[in-house]
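# Close look at the chain arrangement
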Amino acid sequence: MSKEVFDEIKSVIATISILKYREKTFREELDFFNQKGNLQKDPCAMLYSGGLKRLEHEVGFLCVDTYSLHEGIEKKRSLYARVIKNNGKTLSKVDKPNINDVKENYDISMVNRPCTEEEKNTLIEMSEKENYEQRKQSRDLDGITSSEHSKLDEWVNQILDKEVLSELENYRNEFAHRLDSLDNLKRELLDGNPKCIHKMLDVVLKVLTEYEQSLQNILGYTKSLHCFGITNFHYDSLSRLKEYELGQSISKFNSTIVDT
């Protein structure tokens, strides 16, 4: 069961990594609009205005997904309810590997001076003791220290800043129900606001970062592991894919001309 517990945690970290790619992409696109300055004075104002509105929608839906992630971690049938709360004993342990295994896999190049086998073993033991104390400190500071449900509840409730969560929930409600009233219908007619989009991205990033750090901390002190999530994901726009395909077609065409 232990492996399944950690696999579940890794899968959530992988999901967070994809959401962070989306956040990063949208922030880069917002920087493009910010560099344009006053869009109203640009000859292509209508085009830029539509692009900014589309970005606002994308960021709004990212807020919806990020809030859903929060529910998937903390609410009913969640990572917390189904995995963490039922495995508090496993997730409160501090990794203490067999010292002989550590010595066998130790990189001798880390010892920067000639030494006897006994001296090397002493250095390894001291290093591992220090690493263990650091993992224990991480567990005690921000991790799961007990399998008692009351203690686990305290741990999960302190992960997110309550004001940040409240802001995210407001954005989630705003975009999940963005056309369900006359007032909301009218708001859809307004131009996109770069400052508001920037604030939404900041809230999303704070939530994703806090959850990722908490879950990485568990892997760190229980297994001496770090999960990198999805590292080769590209969240790109359809227009750039079309440009890429056009560039590929032109390249093939030019290559054909050269060959003939």
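A short tour of the structure in this document, coming up.

Analysis parameters
Residues numbered from 1 in each chain as written. Predicted model: local features only at pLDDT ≥ 70, side-chain atom pairs only at ≥ 80, totals over all residues. Heavy atoms only, no water. Helix = DSSP H or I, 4+ residues; strand = E, 2+ residues; numbered from the N terminus. Buried < 20%, exposed > 50% of the residue type's maximum accessible area, 1.4 Å probe, protein only. Contact = heavy atoms within 4.5 Å. Areas by Shrake-Rupley, 256 points an atom, 1.4 Å probe, with all protein chains shown as cover. Axes fitted to C-alpha atoms, helices over the stretch in contact; angles between N-to-C directions. Parallel < 35°, antiparallel > 145°, perpendicular 65-115°, else oblique. Left-handed = near helix turned anticlockwise from the far one by under 90°. Nonpolar A, V, L, I, M, F, W, Y, C, P; charged D, E, K, R; others polar. Expected span 1.5 Å × (residues − 1). Arc of directions from axis to C-beta. Polar contact = N/O pair within 3.5 Å; in protein donor to acceptor, adjacent residues only side chain to side chain. 1 Å grid on protein atoms, 1.4 Å probe; cavity = no way out; pocket = protein on both sides within 12 Å on 5 of 7 lines; lining within 4 Å. Points joined across faces, edges and corners; volume = space filled by probe spheres on them. Phe/Tyr/Trp six-rings, centres within 6.5 Å; stacked < 30°, edge-to-face > 60°. Lys NZ or Arg CZ within 6 Å of the ring centre and 35° of its normal. Salt bridge = Lys/Arg side-chain N within 4 Å of Asp/Glu carboxyl O.

### Regarding the overall build of the protein chain
Tallying secondary structure elements over the protein chain gives 11 helices and zero strands in all. Reading the secondary structure of the protein chain in the N-to-C direction produces α-α-α-α-α-α-α-α-α-α-α. A total of 260 residues make up the protein chain; the buried ones form 34% of that total. Sequence separation of 24 or more characterises 81% of the internal contacts of the protein chain that already satisfy a separation of 6 or more. Of the accessible surface of the protein chain, which amounts to about 16700 Å², a share of 51% is contributed by carbon and sulfur atoms.

### Here we look at the packing of helix 8 (residues 162-176) against helix 10 (residues 194-223)
Here helix 8 crosses helix 10 at 125 degrees, and the two axes come no closer than 10 Å. The angle between helix 8 and helix 10 places the two elements in the oblique class. In this structure, helix 8 meets helix 10 at a crossing whose hand is left-handed. In contact with Val 164, Glu 167, Leu 168, Tyr 171 and Phe 175 of helix 8, helix 10 contributes Lys 199, Met 200, Val 203, Val 204, Lys 206 and Val 207. Per-class residue counts for the contact of helix 8 with helix 10 are eight nonpolar, no polar and three charged.

### Some points on helix 8
With 15 residues, helix 8 should cover 21 Å at 1.5 Å per step; its first-to-last C-alpha distance of 20 Å lies within 8% of that length. All buried positions along helix 8 are accounted for by Val 164, Leu 165, Leu 168, Tyr 171 and Phe 175. Angular distribution of buried residues about the axis of helix 8 spans 125 degrees; they occupy a single face of the element. The opening residue of helix 8, the one whose side-chain oxygen lies 3.0 Å from the backbone nitrogen of Glu 163, is Asp 161.

### Details of the layout of surface pockets
Computed from the structure, the largest pocket encloses a volume of approximately 640 Å³. Broken down by element, the lining of the largest pocket gets its largest block of residues, seven residues, from helix 2 (residues 45-74). Reported here for the second largest pocket is a volume of approximately 330 Å³. Broken down by secondary-structure element, the contributors of at least two residues to the lining of the second largest pocket are helix 2, helix 8, helix 9 (182-187) and helix 10. Ranked by the residues each element gives to the lining of the second largest pocket, the list is headed by helix 8, at three residues.

### Comments concerning the side chain of His 70
Mapped onto the elements, His 70 comes out in helix 2. A residue is classified by how much of its surface remains accessible, and His 70, at 1% relative accessible area, is buried.

### With respect to the packing of aromatic side chains
For the structure on display, the rule yields four aromatic pairs. A ring pair is formed by Phe 32 and Phe 33, whose centres lie 5.3 Å apart and whose planes are at 75 degrees; its orientation type is edge-to-face. A connected cluster of aromatic rings, assembled from ring pairs, spans Tyr 21, Phe 26, Phe 233 and Tyr 235. Stacked on the ring of Tyr 132, the Lys or Arg Lys 96 has its end atom at 5.0 Å from the ring centre.

### A word on the pattern of salt bridges
Within the structure shown, the criterion is met by 14 salt bridges. Linking Arg 135 and Glu 128 is a salt bridge whose minimum nitrogen-to-oxygen distance equals 2.8 Å. In this structure Arg 135 comes out as buried when scored by relative accessible area, which is 11%. A salt bridge links Lys 136 to Asp 140; the shortest N-O distance between them is 3.3 Å. With Lys 136 and Asp 140 both in helix 6 (residues 117-142), this residue pair falls four residues apart, about one helical turn. A relative accessible area of 41% places Asp 140 in the partly exposed class.

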